Amino acid sequence: TVSKNPWWPAVTGFYRGRDICIIDCGRGESAGDCVLFLSRKNVKKITFTGFAGSVNRKFSQGDICGLKAYGGGAGFIEFTSADFSGGIPGPTLKKFEDKPQEIKKASVYTLPSIFREKEIFGALEKKGFDLVDMETANVIAAAKDGIKLSFLYYVTDYRQNFEKIDLEKLKNLCLRSA
């Protein structure tokens, strides 16, 4: 079934004996808002799948990884008006407990602006971050008690040097994680 929800398009169905729903939650803070909406619908488990960019050589374009720690989450105004000489805005590393997966795990920094991320790649790597995205900290902040979260990332680039994304590999991974 295809949802006609104008905010978050969704497809529902049945996979491996379970009801599933795949939602395009949008980018950035919109993902957190989507989680708030889902918490009112008594959703118990969310597997967030998304794209992230690598800030160090531990992760390469095409890698798939889970979440071990996160940070960031500063709002757009705070982030875009920041003088990064004093460090990176938002909280630093916080540990995240996830189910054991047979994949490597990354520390992810959530930022609201992809156009200023180049300015802090070095600082993020020094603070122990592996990847950047625009959703993780927002999704975690919005999740209410009783919602089990897990994260799966497809690494799209190293410090904004992009290569072609293998969409077939990504599709199959998303279906296996459902």
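Below is a short write-up of the structure. (Residues numbered from 1 in each chain as written. Predicted model: local features only at pLDDT ≥ 70, side-chain atom pairs only at ≥ 80, totals over all residues. Heavy atoms only, no water.)

**Structural notes on the nonpolar core**
Ranked by size, the top nonpolar core spans 26 residues in total, and within it Leu67, Leu131, Leu149, Phe151 and Tyr153 carry the most contacts. Sorting the residues of this core by element identifies α1 (29-39), β3 (45-54), β4 (64-72), β6 (105-110), α4 (136-142) and β8 (148-158) as the ones contributing at least two each. Setting aside residues up to four positions removed in sequence, Tyr153 forms contacts with Phe48, Gly50, Ala52, Asp63, Ile64, Cys65, Gly66, Leu67, Val108, Leu131, Asp133 and Thr136. Membership of the second largest hydrophobic core comes to 13 residues, among which are Val55, Ala74, Phe129 and Val132. (Core = buried A, V, L, I, M, F, W, Y, C linked by side-chain atoms within 4.5 Å. Buried < 20%, exposed > 50% of the residue type's maximum accessible area, 1.4 Å probe, protein only. Helix = DSSP H or I, 4+ residues; strand = E, 2+ residues; numbered from the N terminus. Contact = heavy atoms within 4.5 Å.)

**Describing the environment of Glu117**
With respect to the secondary-structure elements, Glu117 resides in the loop between β6 and α3 (121-126). Residues Glu117 and Asp133, 16 residues apart in the sequence, show an inter-C-alpha distance of 9.8 Å. Discounting chain neighbours no more than four positions away, the residues touching Glu117 are Leu111, Val132 and Gln160.

**A few points about the pairing of strand β2 (residues 18-23)**
Here strand β1 (residues 10-15) runs beside β2; their pairing, made up of six bridges, is antiparallel. Across the sheet, the residue bridging to Ala10 is Ile23, located in β2. Following β1, the chain reverses through two residues before pairing antiparallel with β2; Arg16 in that reversal takes a positive phi of roughly 50°. (Pairing = 2+ DSSP bridges.)

**Some thoughts on the side chain of Thr136**
Along the chain, the position of Thr136 falls in helix α4. A residue is classified by how much of its surface remains accessible, and Thr136, at 0% relative accessible area, is buried. For Thr136, the side chain forms a polar contact with the side chain of Asp133, separated by 2.5 Å. Ignoring anything within four residues of it in the chain, the contact list for Thr136 reads Leu67, Tyr70, Val108, Thr110, Phe151 and Tyr153. (Polar contact = N/O pair within 3.5 Å; in protein donor to acceptor, adjacent residues only side chain to side chain.)

**A look at the packing of aromatic side chains**
Inspection of the entire model under this criterion finds six aromatic pairs. Ring geometry for Phe48 against Phe151: centres 5.7 Å apart, planes inclined by 50°, an arrangement best described as tilted. Remark: Phe151 occurs in strand β8 and Phe48 occurs in strand β3; sequence separation between them is 103 residues. Arranged with centres 6.3 Å apart and planes meeting at 90°, the rings of Phe51 and Tyr154 form a pair that is edge-to-face. Of the two residues, Phe51 sits in strand β3 while Tyr154 sits in strand β8, which places them 103 residues apart along the sequence. An aromatic cluster is present here, built from Phe48, Phe96, Phe151 and Tyr153 joined pairwise through their rings. (Phe/Tyr/Trp six-rings, centres within 6.5 Å; stacked < 30°, edge-to-face > 60°.)

**Structural notes on the pairing of β6**
Judged by how many residues are buried, β6 sits mostly within the fold: five of six residues are covered. By the bridge criterion, six bridges tie β4 to β6 in an arrangement that is parallel. Bridged to Gly72 within β6 is Thr110. Where the polypeptide runs from β6 across α3 and back to strand β7 (residues 131-133), its parallel neighbour, the crossover connection is right-handed. (Right-handed = clockwise from strand over helix to strand, strands pointing away.)

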